Protein chains: 2
Amino acid sequence: MKLYEQVATTLKDRIDLGYYHEGDKLPSVRGLSQEHGVSISTVQEAYGLLIDDGVIESRPKSGYYVLLRQAPPELPATSSPASQPLVVAQWQKLQHMINEYGSQETTKLSLALPDTHAATLKPLTRLMAELSRSANRNVLDYEHAAGSDLLRHQIARVMVDSGCRIHPDEIIITSGCQEALSCSLRAVTEPGDIVVVDSPSFFGSVQAIKINGVKALEIPTHPETGISLEALEMAFEQWPIKACLLTPTNNNPLGYSMPDQNKIRLLELLNRYDVPLIEDDVYGDLSYTLPRPRTIKSFDTQGRVILCSSFSKSIAPGIRVGWISPGRYREHIMMVKYLSSLSTPKLTQMAVAEFIAQGYYEKHLRRVRRDYQRDRDAVIGWLKREMPEGTRISYPQGGYLLWVELPEQVDSNELNTRAKARGISIAPGTLFSASGKYRNFMRICCVNSSNPALEKAIVTLGQLSRELMAQTLLPHE
Amino acid sequence: MKLYEQVATTLKDRIDLGYYHEGDKLPSVRGLSQEHGVSISTVQEAYGLLIDDGVIESRPKSGYYVLLRQAPPELPATSSPASQPLVVAQWQKLQHMINEYGSQETTKLSLALPDTHAATLKPLTRLMAELSRSANRNVLDYEHAAGSDLLRHQIARVMVDSGCRIHPDEIIITSGCQEALSCSLRAVTEPGDIVVVDSPSFFGSVQAIKINGVKALEIPTHPETGISLEALEMAFEQWPIKACLLTPTNNNPLGYSMPDQNKIRLLELLNRYDVPLIEDDVYGDLSYTLPRPRTIKSFDTQGRVILCSSFSKSIAPGIRVGWISPGRYREHIMMVKYLSSLSTPKLTQMAVAEFIAQGYYEKHLRRVRRDYQRDRDAVIGWLKREMPEGTRISYPQGGYLLWVELPEQVDSNELNTRAKARGISIAPGTLFSASGKYRNFMRICCVNSSNPALEKAIVTLGQLSRELMAQTLLPHE
């Protein structure tokens, strides 16, 4: 065996043993050459061999990476929701899910919860402790209704990565993204109005629509490119639509990011039909690749896009720090925010501002982007192995949510009921539609694949799905 | 001079020098006897002399107190608002006030801000720091939508003091009282509905009514006994009223607490006409005398009263911890709260829960109740001395807000504009009405009378008021 073959074999073994994961960056050529006491060109030959074997890939100007050994999953089909505005149903199921949140024993795949135990969050809790103790007791006073100055400056800085150049005064701090969405929706609609959503669509948005007395018009949505612009244009022609509410980047639940050209075309449509867009970007910073995709807001020159986001998914949900960049609707949105909750708690705003300003946020993102991509791949692997044939899975390029289409016989509400008896919860598909569609879909959160409970939960979901299929078939035999 | 006269003179001197303030408790008889090396009966004789001189009073089973040397102020008259439902105006003035919140240099009498520098709050910031650092990182996770279990238990315990016996499950934690009021209002009304308020009425409630598309019907209100029940009954007969929104205890801005018999009669009316009550009790715990007044909720056997409160006024506003005890409307209010902001930040909930559980809240209340009563008396004294003749002042029995009726010629919006140029802000009366009434009224916050800036501000307000009166008179001369 030649020297470069030996090096290649060693590397291959390490990959097989899981020392390097799929998508991981491999050591630099110089580093390996030092480690193995071989020449640079020997390492290059070894890497060349592994590329030829389809084990790794070279990314220009970046380095060598372990190749994904599994093909992307088979994706769900483009959705075909009801073609008229609907009053949103399904509240009771959601309520059920909320009420169960407290239960400690469950493997909760149902909620979109980030990894709050990441080591890179340690500076945040330290900052919170330090700020709590500061002598001037700032943290006990009201914050300005629009939010902390420092935080708004830092958010403006972070938003540059998504292509936005926004002045801190054009930012309003909220209690998480839900308050951002809810206030925006209240500001631009009135009861009886029609709002466009993608389909499937995040249940928090869908239900916020319901509670405002507004109707939801669901538009067919592709699992990779997002909302169908053709269908949307038809809808604009047909209905007096007052707003669009979309999650165009690292969508929840489908995982898609709309290509830039689609984002631009969408904005053109909005301008032509004079419709505001509420853009939910809460998963935007969790894109696996850099630079992160641009927001639609970044293309907007008319102040038409209301960008809503938060650090609930990218830092931690319990801190409840979100924001709105309200465009031309600032005055009205500010009023709604003020009368909804006056202001957002001060301590967490100050802590997050310092966390970003001191460079910890970027460091944290680097860490979790890699982790979540690893988690996605691991869980997709298990789903492929464990779920019944015919299962289709989304293939997100950011975040930590998977949208899973089960065989038609599997009712995910029933699956959830049975899973709960085994200490596992999922988010049933019907939650993600105004009309109760997606009966045989589920959304699962795939954070922390190194926890054995996660793999075990997928095994259980596979067994239960097969049980349900068998029982559905029984009467027909 | 006899021995008891000497002791009396010493005490009198201490009072005159401000060592003991009006309303302060004096040392015990035993304590004084030890201090002066005199007999118990000598001290009793000394106290007797001071009582006869009208300097102190004896309160049965409590001790000796410095008597209030000034008579209560002349109160504003019962209000006579417009007698039909109105769409609320005045948003722009409020917006102005909000936007100015950040300005550091102002003596802000405009906002209802408690003393966040009280020594008795030190354990709170310590708890916040400790909890931030706790190893399990609990503080970063979502709290249950209804709020922390421990906190809800503690609130249920605190509410016993207001006569309420409520199970922790009947409590929903919110981001301050504003979110509590806003969610309650959204749950029980629809756009176009009519809601009853007292008059004057807290601008946060009035504007929350506006933003829900609801109309406000203002009811005449007495400065000592609150809303006129006769007028309310007439309103129930005349209009299809969907809810009442009142602050029956330590009212903002008027300061009244409805007598128990009025609270009971009000509840009877609500039951008879099948109308829910949103009871804002945010100043309830700040009553100067114990036991604190009962809430209307405490008399409610039908689940008709939605109690809204928070620790923003009794602990600190920046922590944003409020709550709702929603009665029979729980399910709907829970849904509105969830879709407004998912859940309330965890850290501050945990810190407040421990603050109460460890007995610090009671200790803090004892301290601030005394301080705020002292502040009230001091500021009323200055107002009487400095403001033009004809000025009337409310006489609250709790909290730290004064409602001041200025001579008719004084437009408080203009007064505010001029005061701001001198670094002082007030809350103009028109903010407290749907129709822009109370043009010659202002609300001022009288916390921290030991700060010389507060007395100086009152002096300035007096000068500016007289200026305005002179200018108004000029054209007629």
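UniProt, in the comment section headed Sequence similarities (unreviewed entry), describes chain A in these words: "In the C-terminal section; belongs to the class-I pyridoxal-phosphate-dependent aminotransferase family."

Draft legend 1. Structural view of the interface of chain A and chain B. Each partner contributes residues to the interface: chain A has 63 residues there, and chain B has 63 residues. Summed over both sides, the interface between chain A and chain B buries roughly 5,700 Å², with carbon and sulfur atoms accounting for 62% of that surface. Counting the contacts that link chain A with chain B gives 22 residue pairs in polar contact (both at pLDDT 80 or more). Taken together, the elements giving at least two residues each to the side of chain A that touches chain B come down to α4 (91-99), α5 (122-133), α7 (176-188), α8 (203-211), α11 (330-341) and α12 (346-357) of chain A. The dominant element in the side of chain A that touches chain B, judged by the number of residues it contributes, is α5(A), at eight residues. Classifying every residue of the side of chain A that touches chain B by side-chain character gives 29 nonpolar, 22 polar and twelve charged.

Draft legend 2. Highlighting the environment of Arg265(A). Residue and element names in this part refer to chain A. Residue placement: Arg 265 occurs in helix α10 (residues 260-273). With 203 residues separating them in the primary sequence, Arg 265 and Ser 62 have C-alpha atoms 32 Å apart. Residue contacts for Arg 265: discarding those within four places in its chain leaves Leu 229 and Glu 230.

Draft legend 3. Highlighting the relation of the copies chain A and chain B. Superposition record for chain A on chain B: RMSD 0.2 Å, screw rotation 180°, translation along axis 0.1 Å. What the superposition gives is, in effect, a two-fold axis relating one chain to the other. Rotation axis and chain A: the residue whose C-alpha lies nearest the axis is Ala129(A), separated from it by 1.8 Å. Both copies share a contact surface, since 100% of the interface residues of chain A are interface residues in chain B too.

Draft legend 4. Molecular detail of the pattern of salt bridges. In this structure the tally under the stated criterion is 46 salt bridges over all chains. For the salt bridge of Arg152(A) with Asp149(A), the shortest nitrogen-to-oxygen distance reads 2.7 Å. Here the residue Arg152(A) and the residue Asp149(A) both occupy positions in helix α6 (residues 149-159), the gap between them amounting to three residues, near one helical turn. For Arg152(A), a relative accessible area of 6% corresponds to the buried category. Here Asp149(A) falls in the partly exposed class, since its relative accessible area comes to 49%. Here Glu179(B) ties to Lys337(B) by a salt bridge, and the two come within 2.9 Å at their closest N and O atoms. With a gap of 158 residues between them, Glu179(B) in helix α7 (residues 176-188) and Lys337(B) in helix α11 (residues 330-341) connect regions that are remote in the sequence. Each member of the pair, Glu179(B) as well as Lys337(B), is classed as buried. Look at the salt bridges and you will find they share partners, linking Arg367(A), Arg370(A), Asp371(A), Arg374(A) and Asp375(A) into a network.

Draft legend 5. Inspection of helix α10 (residues 260-273) of chain B at higher detail. Residues and elements named next belong to chain B. Taking 1.5 Å per residue as the helical rise, α10 with its 14 residues ought to reach 20 Å, and the 20 Å between its terminal C-alpha atoms agrees with that figure. Among the residues making up α10, those that are buried are Asn 262, Lys 263, Leu 266, Leu 267, Leu 269 and Leu 270. The buried residues of α10 occupy an angular sector of 160° when projected down its axis, which confines them to one face. Among the exposed residues of α10, those oriented more than 90 degrees off its buried face are Gln 261 and Arg 272. The inward-facing, buried residues of α10 contact α9 (229-238), β9 (241-246), β10 (277-280) and β11 (305-310). Residue Asp 274 follows α10 closely and has a positive phi angle near 55°.

Draft legend 6. Looking closely at the sheet that holds strand β13 (residues 392-393) of chain A. Residues and elements named next belong to chain A. With antiparallel pairing, the four strands of this open sheet are ordered in space as β13-β14-β17-β16. This sheet does not close on itself; its edge strands, each paired only once, are β13 and β16 (427-428). Sheet topology note: the β13/strand β14 (residues 401-405) ladder contains two bridges and is antiparallel. Within β14, the position partnered with Ile 393 by the bridge is Val 404.

Draft legend 7. Expanded view of the packing of aromatic side chains. Evaluated as defined, the whole model comprises 26 aromatic pairs over all chains. On the numbers, 4.7 Å between centres and 70° between planes, the contact of Tyr372(B) with Tyr400(B) is edge-to-face. Of this pair, Tyr372(B) sits in helix α13 (residues 360-386) while Tyr400(B) sits in the loop between β13 (392-393) and β14 (401-405); the two residues are 28 residues apart in sequence, bridging distant segments of the chain. Residue class for Tyr372(B) comes out buried when judged on its relative accessible area of 2%. Under the relative-accessibility criterion, Tyr400(B) is labelled buried at 1%. Through pairs of rings, three or more aromatic residues link up here, namely Phe202(A), Phe203(A), Trp403(A), Phe432(A), Tyr438(A) and Phe441(A).

Draft legend 8. Molecular detail of the pairing of β14(A). All names here are of chain A. In terms of burial, β14 is a largely internal element, five of the five residues being buried. Because side chains alternate across β14, one face comprises the buried residues Leu 401, Trp 403 and Glu 405, and the other comprises Leu 402 and Val 404, equally buried. Where β14 meets strand β17 (residues 441-445), five bridges bridge the pair, whose relative direction is antiparallel. Bridge assignment links Leu 402 to a residue of β17, and that residue is Ile 444.

Draft legend 9. Broad picture of the side chain of Lys263(B). Residues and elements named next belong to chain B. Among the structural elements, Lys 263 can be located in helix α10. Within polar-contact distance, the side chain of Lys 263 engages the side chain of Thr 249 at 2.8 Å. Dropping the residues within four chain positions of it, Lys 263 is found in contact with Pro 248, Thr 249, Met 258, Pro 293, Arg 294, Ile 296 and Phe 299.

Draft legend 10. Quick peek at the domain arrangement of chain A. In terms of domains, chain A is made up of domain 1 (3-66), domain 2 (120-360) and domain 3 (362-476). Inter-centroid distance (C-alpha atoms) of domain 1 of chain A to domain 2 of chain A is 41 Å.

Draft legend 11. Layout of the pairing of strand β9 (residues 241-246) of chain A. Residue and element names in this part refer to chain A. With five of six residues buried, β9 is to be regarded as a mostly interior element. Where strand β5 (residues 194-198) lies against β9, four bridges are found, and the strand directions are parallel. Bridging across to β9, Val 195 finds its partner in Ala 243. Bridge count for β9 against strand β10 (residues 277-280) is three bridges, and the pairing is parallel. Bridging from a neighbouring strand, Cys 244 pairs with Leu 277 of β10. Each parallel crossover has a hand, and for β9 linked through α10 to β10 it is right-handed.

Draft legend 12. Examining helix α12 (residues 346-357) of chain B more closely. The first and last C-alpha atoms of α12(B) sit 16 Å apart over twelve residues, in line with the 16 Å expected at 1.5 Å per residue. For α12(B), the tally of buried residues reaches ten of twelve residues, placing the bulk of the element in the interior. Within α12(B), the full set of buried residues consists of Lys346(B), Leu347(B), Thr348(B), Gln349(B), Met350(B), Ala351(B), Val352(B), Ala353(B), Phe355(B) and Ile356(B). The secondary structure elements touched by the buried residues of α12(B) are α5 and α12 of chain A together with α5 (122-133), α6 (149-159), β4 (172-174) and α13 of chain B. At the exit of α12(B) stands Gly359(B), carrying a positive phi of roughly 85°.

Draft legend 13. Local environment of the sheet that holds β9(A). Residues and elements named next belong to chain A. Read across the sheet, seven strands follow the order β4-β12-β11-β10-β9-β5-β6 without closing on themselves; strand pairing throughout is mixed. The outermost strands of the open sheet, each flanked by one partner alone, are β4 (172-174) and β6 (215-219). Shown here is a sheet whose adjacent strand axes are inclined to one another by a mean of 25°, direction ignored. By the bridge criterion, four bridges tie β10 to strand β11 (residues 305-310) in an arrangement that is parallel. Paired with Ile 278 across the strands is Ile 306, a residue of β11.

Cut-offs applied
Residues numbered from 1 in each chain as written. Chains lettered and ligands numbered in written order. Predicted model: local features only at pLDDT ≥ 70, side-chain atom pairs only at ≥ 80, totals over all residues. Heavy atoms only, no water. UniProt positions renumbered as here; feature names shortened; annotations may be inferred. Contact = heavy atoms within 4.5 Å. Buried area = accessible area lost by both parts, 1.4 Å probe. Polar contact = N/O pair within 3.5 Å; in protein donor to acceptor, adjacent residues only side chain to side chain. Helix = DSSP H or I, 4+ residues; strand = E, 2+ residues; numbered from the N terminus. Nonpolar A, V, L, I, M, F, W, Y, C, P; charged D, E, K, R; others polar. Least-squares fit on C-alpha atoms with pLDDT ≥ 70 in both. Salt bridge = Lys/Arg side-chain N within 4 Å of Asp/Glu carboxyl O. Buried < 20%, exposed > 50% of the residue type's maximum accessible area, 1.4 Å probe, protein only. Expected span 1.5 Å × (residues − 1). Arc of directions from axis to C-beta. Pairing = 2+ DSSP bridges. Phe/Tyr/Trp six-rings, centres within 6.5 Å; stacked < 30°, edge-to-face > 60°. Domains from an automatic or database assignment. Right-handed = clockwise from strand over helix to strand, strands pointing away. Axes fitted to C-alpha atoms, helices over the stretch in contact; angles between N-to-C directions.

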